[in-house]
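# Examining the three-dimensional arrangement
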Amino acid sequence: VANVSHELRTPLSAVMGALETLADADQDDETRARFLELAMRNAARLKAIVNDLLDLSALEAQDEGLPLELLSLGEPLRAAASALSGAAQKKGVQLELVVGGTGPVLVRGHAQRLEQTFTNLIANAIQYTPAGGRVTASMRVDADEARVEVADTGIGIPAAALPRVFERFYRVDRGRGRDSGGTGLGLALVKHVALAHGGQVDV
């Protein structure tokens, strides 16, 4: 509760401050437009945090696990990469998809949750990779496991922070993560989806 309250307080304060400014009838149009945009951006951030919290809650509440069906693992991975290709191009980051093997990799999975997971990982990689860098999403089969990897040429994570990156609201650089619009819950969701599939995630 303390962590959630802390994360909600900043955007909520920004929204309230913007609304107080907008309520002042003496403000000019340019100032009003600027504070309206500030309120909308922070309201969107509040919504994103609440949505991610609801997703985590839903995953944890499914005692019998996710409803899984036989699917091709490459499909949600391709969908995630395709959805983020524009963001990568806009930032000047090369996004590469490598799907090895001769045929589809069939697993028992939940397509929507897997796509959400791959989207979170690829979006993180793009976000922290400078222009001119490369993000690679790949898939392969190791023995009886299907493995999906997202690698990038970005700024990296200090070794001391690696054990904590899948914790809720943990950020290697708190200011940087919040400024970029992240909720601090993306990697926690990735971990829960992996566990719900009987899998694991590491970095």
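Here the structure is shown first, and the text comes after it.
Residues numbered from 1 in each chain as written. Predicted model: local features only at pLDDT ≥ 70, side-chain atom pairs only at ≥ 80, totals over all residues. Heavy atoms only, no water.

### With respect to the environment of P158
Where we set the bar: The secondary structure listing takes helices from DSSP runs of H or I that are at least 4 residues long and strands from runs of E that are at least 2 residues long, numbered from the N terminus. When accessible area is computed with a 1.4 Å probe and restricted to protein chains, residues below 20% of their type maximum are described as buried, those above 50% as exposed, and intermediate ones as partly exposed.
By secondary structure assignment, the location of P158 is in the loop between β5 (145–152) and α5 (174–179). Classification of P158 as partly exposed rests on a relative accessible area of 45%. Sequence-wise, P158 and P130 are 28 residues apart; in three dimensions their C-alpha atoms are separated by 17 Å.

### What about the sheet that holds β5?
This is how the line gets drawn: We treat two strands as partners when DSSP finds at least two bridges between them. For helices, the axis comes from a line fit to the C-alpha atoms of the stretch in contact; other axes are also lines fit to C-alpha atoms, and the angle between any two N-to-C directions lies between 0 and 180 degrees.
Taken together, 3 strands build an open sheet; the order of strands is β2-β4-β5 and the sheet is mixed. Each having just a single partner strand, β2 (94–99) and β5 make up the two edges of the open sheet. Shown here is a sheet whose adjacent strand axes are inclined to one another by a mean of 10°, direction ignored. Strand direction decides the pairing type here: strand β4 (residues 134–142) and β5, joined by 8 bridges, are antiparallel. For D142, the partnering residue across the bridge sits in β5 and is E145.

### As for helix α2 (residues 29–61)
Within an α-helix, residues lying three or four positions from one another point in the same direction, as the helix has 3.6 residues per turn. As a reminder of what qualifies: Residue count minus one, scaled by 1.5 Å, sets the expected span of a helix. Here a polar contact is taken to be a pair of N or O atoms separated by no more than 3.5 Å, where protein atoms must pair a possible hydrogen donor with a possible acceptor and residues adjacent in sequence count only if both atoms sit in side chains.
Here α2 contains 33 residues, and its C-alpha end-to-end distance of 47 Å stays within 8% of the 48 Å for a straight helix at 1.5 Å per residue. Where α2 is concerned, the buried positions are T31, A39, N42, R45, L46, I49, D52, L56 and L59. Between the side-chain oxygen at the start of α2 and the backbone nitrogen of E30 there is a gap of 3.1 Å, and the oxygen is on D28.

### Brief notes about a nonpolar patch on the surface
What counts, and what does not: Each patch is built from residues that are more than 30% exposed by relative accessible area and take part in no salt bridge. Like charges join if they lie within 9 Å; nonpolar side chains (Val, Leu, Ile, Met, Phe, Trp, Tyr) join within 5 Å. Surface accessibility in these figures is a Shrake-Rupley result with a 1.4 Å probe; residues are shielded only by whichever protein chains are displayed. By definition here, a salt bridge exists when the distance from a side-chain nitrogen of Lys or Arg to a carboxyl oxygen of Asp or Glu is within 4 Å.
Together, I157, V172 and V203 line one region of the surface with nonpolar side chains, adding up to about 240 Å² of accessible area. Inspection of the secondary structure puts V172 in the loop between β5 and α5. The class of V172 is partly exposed, set by a relative accessible area of 36%.

### A short note on the nonpolar core
One recurring pattern in soluble globular proteins: nonpolar side chains tend to sit buried together. We count it as follows: We define a nonpolar core as any set of buried Ala, Val, Leu, Ile, Met, Phe, Trp, Tyr and Cys residues linked to one another through side-chain atoms lying within 4.5 Å. Any pair of residues with heavy atoms lying within 4.5 Å of one another is described as a contacting pair.
L73, L77, F118, I122 and I126 are the most contacted members of the largest nonpolar core, which totals 18 residues. Contributions of two or more residues to this core are made by α3 (74–91), α4 (111–127) and β4. L77 has contacts with L97, F118, I122, A137, S138, M139 and V148, leaving out every residue within four places of it along the chain. The next biggest cluster of nonpolar side chains, apart from the first, holds 9 residues, and it includes L56, L66, L185 and A188.

### Focus on the environment of T10
Tracing the backbone through its elements, the reader meets T10 in helix α1 (residues 2–22). Placed 36 residues apart in sequence, T10 and L46 show a C-alpha to C-alpha distance of 9.4 Å.

### Some remarks on the pattern of salt bridges
Taken as a whole, this structure holds 7 salt bridges when the rule is applied. The residue E37 makes a salt bridge to R41 at a minimum N-O spacing of 2.6 Å. Taken together, the residues E37 and R41, both in helix α2 and 4 residues apart, mark about one turn of the helix. The partner of R140 in a salt bridge is E149, and the shortest N-O contact between them spans 3.3 Å. Judged by relative accessible area, E149 falls into the partly exposed class, the value being 32%.

### Examining the packing of α4 against helix α6 (residues 186–196)
As a reminder, the rule being used: Each angle gets one of four labels, with under 35 degrees taken as roughly parallel, over 145 as roughly antiparallel, 65 to 115 as roughly perpendicular, and the rest as oblique. Each crossing gets its handedness from the near helix: less than a right angle anticlockwise from the far helix is left-handed, clockwise is right-handed.
Axis separation between α4 and α6 bottoms out at 9 Å; the angle between their running directions is 140°. Here α4 lies oblique to α6, going by the angle between them. Here the hand of the crossing between α4 and α6 comes out left-handed. Mapping the contact onto sequence places R113, L114, Q116, T117, N120, L121 and N124 in α4 and G186, L187, L189, V190 and V193 in α6.

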